[in-house]
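As a plain string of letters, each chain reads:
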Amino acid sequence: MTPADLAELLRATAAKVLAERGLDASVLPEKLTVERPRNPEHGDYATNVALQVAKKAGVSPRDFAGWLADALSATSAISSADVAGPGFLNIRLAADAQGAIVAQALAAGENYGHGTALSGRKVNLEFVSANPTGPIHLGGTRWAAVGDALGRILSAQGAEVVREYYFNDHGAQIDRFSRSLIAAAKGEPAPEDGYAGAYIGEIAQAVLAKSPEVLAMAPAAQEETFRAIGVDLMFTQIKNNLHEFGVDFDVYFHENSLFESGAVEKSVEYLKNSGSLYAEDGAWWLRSTDFGDDKDRVVIKSDGNAAYIAGDIAYFQNKRQRGFDLCIYMLGADHHGYIGRLKAAAAAFGDDPNSVEVLIGQMVNLVRDGAAVKMSKRAGTVITLDDLVEAIGVDAARYVLVRSSVDSSIDIDLELWASASNENPVYYVQYAHARLASLARNAAELGLSGDDPDLALLTQEQEGELIRTIGEYPRVVASAADLREPHRIARYLEELAGAYHRFYGACRVLPQGDEEPGPVNTARLALGNATRQVLANGLGLLGVSAPERM
């Protein structure tokens, strides 16, 4: 019986108890929650439902809790139910009901933890979207890990997710990139507002190899050639780096297409006609304060050129025209202003502002020997995805970037995350999986399997703790999807690995010496197999490998 199953039983029982006493069962919420108490001596699960609804029903919380306790205790799945304090209810499951969690995890296999809460939702998930003017820095790398994990989690809850990369190939940054390449090709210093780093020289040489005559061209043709070839080379490198990091996109959307197709002009004209734009001081402004933004935003500048938000507005409309009912933008720490303006743009088009969600990621810092790492081998002062992967590997890099809430900055201790020790969280989790794989191999050599177990035999404290932790997994995945917080999966996996290590230390799984294997060995092996499955499932949602050997 999972926590969700228990919550359903609890609600049905509460409704029956109220009805039997002629009381109004409509006071019960649609969903009741049960939690694992911090002190295991208080029971397997606890609920405060009596405190929530008793007074609405016209009875005291302790009376209502007592009625619930009596009714639940008469259920075969419940070993005991006791009232505590002003009306809390502590519940212990019967061993066979608790063991059913193991059976559910094994039966569902790779799908254990999946749900249908987001079925029918079409989600556009835009992340990374780094300018094609340099390697991906640590902030973009964080979004690569978090965005890919979030996409997997949303899909596991039934959503149709399209991963999208917004290719910023329109604007002044591309001009500066082209001029920087030309300077490098000529052996000159980078322009004052240009880009530096060894990668600029490498790309410049690659452009010369593809177009040897480029430096003899007229300035305009020269700049266009460096722009076209250089941007393509840089973006190809970005795609390759992301692919090696385990991140691929369904759509690469070119910002420039919004201007070339006339989409920006059409969007602006629509908003003018609807009254959402107004003219002032020679410019056109979006009435974004009408929709909750902190100030109105210039869309068309007084010189007639489109402001950056004009492309954002057209891009949002393009997403809605492609049928997405939820558009998630994952942006850097300096983009807080985009929350209000993007929601305002949605409202201006008559859409629900909640069809736009903006997640803001905080900074990432690398630390080695207690000091910040500030220099990159190829990108000058910008630390890149490659720098992080070279230092600690793909698995550790993805895990550490997902492990913390995006609202908080991260200091990555390179020595810790490269170490093969239990202090390294990703090693701790992966080692639990590898240890379980080894256990299964050893059992097979003895002719043992976890098939057809008597799960009611799993009555030890450590067995119960591990089973209940497995039972929490579906709720953790659902919560991670609902709150857009992949870090919940990582923290759960560490809890599960800890519960397994404690179980393994207290409960012998395989027979020793001349001992004959018995039903308890089969049951414990089944519990180990279920644990290994859940560890693999959770690591898979984070895009981290589940090794069989370490």
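What you see is a predicted model, and the numbers here were worked out from it, not measured in a lab.

Thresholds, definitions, all that
- Residues numbered from 1 in each chain as written.
- Predicted model: local features only at pLDDT ≥ 70, side-chain atom pairs only at ≥ 80, totals over all residues.
- Heavy atoms only, no water.
- Helix = DSSP H or I, 4+ residues; strand = E, 2+ residues; numbered from the N terminus.
- Buried < 20%, exposed > 50% of the residue type's maximum accessible area, 1.4 Å probe, protein only.
- Contact = heavy atoms within 4.5 Å.
- Areas by Shrake-Rupley, 256 points an atom, 1.4 Å probe, with all protein chains shown as cover.
- Pairing = 2+ DSSP bridges.
- Axes fitted to C-alpha atoms, helices over the stretch in contact; angles between N-to-C directions.
- UniProt positions renumbered as here; feature names shortened; annotations may be inferred.
- Domains from an automatic or database assignment.
- Buried area = accessible area lost by both parts, 1.4 Å probe.
- Salt bridge = Lys/Arg side-chain N within 4 Å of Asp/Glu carboxyl O.
- Polar contact = N/O pair within 3.5 Å; in protein donor to acceptor, adjacent residues only side chain to side chain.

(A) The overall build of the chain, seen in detail. A tally of regular secondary structure across the chain gives 19 helices and 14 strands. The proportion of buried residues among the 550 residues of the chain is 51%. Once local pairs closer than 6 in sequence are excluded, the contacts in the chain between residues at least 24 apart make up 69%. If you sum the accessible surface of the chain, you get close to 24,100 Å²; carbon and sulfur atoms cover 48% of it.

(B) Fine view of the pairing of strand β2 (residues 78–84). By the bridge criterion, six bridges tie β2 to strand β3 (residues 88–93) in an arrangement that is antiparallel. Residue pairing for β3: S80 is matched across the bridge by R92. Counting the residues that bridge the hairpin from β2 to β3 gives three residues, and of these G85 lies at a positive phi of roughly 60°.

(C) The arrangement of the sheet that holds strand β7 (residues 277–280) in detail. An order of β7-β8-β9 is seen for the three strands of this open sheet, with the pairing classed as antiparallel. The strands lining the two open edges of the sheet, one partner per strand, are β7 and β9 (297–300). On average, adjacent strands in this sheet sit at an angle of 45° to one another, irrespective of strand direction. Contacts between helix α10 (residues 263–274) and the sheet are confined to β7, β8 (283–286) and β9, with β7 contributing the most and set at about 85° to the helix.

(D) Quick peek at the sheet that holds β2. Spatial strand order, β1-β3-β2: three strands in an open sheet with antiparallel pairing. Each end of this open sheet is capped by a strand with a single partner; those strands are β1 (45–47) and β2. Ignoring strand direction, the axes of neighbouring strands in this sheet form an average angle of 20°. Contacting β1, β2 and β3, helix α1 (residues 3–20) runs over the sheet at an angle of about 40° to β1.

(E) Quick peek at the environment of A7. Within the secondary structure, A7 sits in helix α1. According to the relative accessible area criterion, A7 is buried, its value standing at 10%. In the structure, A7 is positioned 346 residues away from P353 in sequence and 33 Å away in space, judged by C-alpha atoms. In this structure, A7 is in contact with L32 and V34, ignoring residues within four places of it in sequence.

(F) Highlighting the UniProt feature "short sequence motif: 'HIGH' region" (unreviewed entry) in the chain. As recorded in UniProt, the sites labelled "short sequence motif: 'HIGH' region" (unreviewed entry) are residues 130–140. End C-alpha atoms of residues 130–140 are separated by 7 Å, and the span's content is 27% helix alongside 0% strand.

(G) Molecular detail of the domain arrangement of the chain. In terms of domain boundaries, the chain breaks down into domain 1 (3–93), domain 2 (99–115 + 422–542) and domain 3 (127–261 + 362–418). Computed over C-alpha atoms only, the centres of domain 1 and domain 2 are separated by 29 Å. Taken together, the seven residues of domain 1 in the interface contact nine residues of domain 2. With both chains or domains summed, domain 1 and domain 2 bury close to 710 Å², and 40% of this area falls on carbon and sulfur atoms. Of all residues in domain 1, the largest losses of buried area upon contact with domain 2 belong to P3, R36 and D44, amounting jointly to 64% of the total for that side. Notably, a salt bridge pairs R468 with D44, separated by 2.9 Å at the nearest N-O pair. Here domain 1 and domain 2 share five residue pairs in polar contact (both at pLDDT 80 or more) between them.

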